[in-house]
Amino acid sequence: MMSLTTGLTEGTTALEMGDLARITVDQYEELARLGTLADPGVELVNGLLVRKTTKSPRHSATVMVIEEVIRAVTPEGWHVRVEQPVRLPEHDEPEPDLAIVRGNAIDYLERHPGPADVALVVEVEVAAASLRIDRGDKLRAYSRGGIPAYWIVNLIERRVEVYGDPVPEGYASLVTHEPSSDIVLTIAGQERGRVVAGDLLPEPRTP
């Protein structure tokens, strides 16, 4: 089993953190095809195999809640994928918590969806360390790939960060939504629905 992990941080590229050998998406997928890469707990970010954070109950439950909310406003011709790869040549294949993807699941039996197939990616964060990655290397990966919309559901600060207008070094726009705010879901340049930010930020029920 091949294993390479690194701690990527906000505002720091992986290559600035040392002499690390990067691989391409093609090489990454070939390792998986050959069975050489047998660790399901990693994803490819900036050419590096990054170990994914162990999911807490709060994270897992929140992803399930968000899936229900997002699925309810996802239009025909698109579907929601949960914790599945998005192929962003040349050095990124992250596995966002959720993504809205063109078509249906059977369209991707032979390949992972790429930038032209993806309308939105969503990452859910309960820990400061992984939030830095989501705002840093992952954000740059999604923007480089041309993903049009990126949401960070920030459970630490109880808000949703909505990034849009991708440029090579990041996103040109950021709107931060407090729990009472409406978030517009835009797909292929058209408004397709709205969700209340608070519906993406569930809290434990009191006894």
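Let me sum up the structure you'll find in this document. (Residues numbered from 1 in each chain as written. Predicted model: local features only at pLDDT ≥ 70, side-chain atom pairs only at ≥ 80, totals over all residues. Heavy atoms only, no water.)

1. Some words on the layout of surface pockets
Keep this limit in mind: Cavity and pocket criteria rest on a 1 Å grid covering protein atoms alone: a 1.4 Å probe that fits but cannot get out defines a cavity, protein on both sides within 12 Å along at least 5 of 7 lines defines an open pocket, and an atom within 4 Å of a point defines a lining residue. Grid points are joined across faces, edges and corners, and a volume is the space filled by probe spheres set on the points. In DSSP terms, a helix is any run of H or I states spanning at least four residues, a strand is any run of E spanning at least two, and both are numbered starting from the N terminus. In the scheme used here, Gly and all other residues not listed as nonpolar or charged are polar, with Ala, Val, Leu, Ile, Met, Phe, Trp, Tyr, Cys and Pro taken as nonpolar and Asp, Glu, Lys and Arg as charged.
For the largest pocket, the calculated volume is near 310 Å³. Elements that contribute at least two residues to the lining of the largest pocket include exactly β2 (48–51), β5 (118–125) and α3 (128–135). Its residues assigned to classes, the lining of the largest pocket shows five nonpolar, five polar and eleven charged. In this model, the second largest pocket occupies a volume close to 260 Å³. In this structure, the second largest pocket is lined by 17 residues; those nearest its centre are P148, A149, V162, V184 and T186. The element that contributes the greatest number of residues to the lining of the second largest pocket is strand β9 (residues 182–187), accounting for five residues.

2. A closer look at the pattern of salt bridges
Opposite charge on two side chains permits them to pair, given that their charged atoms come into close proximity. Formally: The term salt bridge refers to a side-chain nitrogen of Lys or Arg lying within 4 Å of a carboxyl oxygen of Asp or Glu. Throughout, exposure labels follow a simple rule: accessible area from a 1.4 Å probe, protein chains only, divided by the maximum for the residue type, with under 20% read as buried, over 50% as exposed, and the rest as partly exposed.
Here the structure, examined in full by the defined rule, presents 17 salt bridges. Where R87 meets D26, a salt bridge forms, and the shortest distance between an N and an O atom there is 2.3 Å. Linking R87 in the loop between β3 (78–82) and β4 (98–102) with D26 in helix α1 (residues 25–34), this pair joins segments that are 61 residues apart in sequence. A salt bridge links R144 to D92; the shortest N-O distance between them is 2.8 Å. Here R144, found in helix α4 (residues 137–144), pairs with D92, found in the loop between β3 and β4; they are 52 residues apart in sequence, far enough to count as distant. In this structure R144 comes out as partly exposed when scored by relative accessible area, which is 42%. Residue classification places D92 among the buried residues on the basis of a relative accessible area of 3%. It is possible to trace a salt-bridge network through shared partners that takes in R135, E157, R159 and E161.

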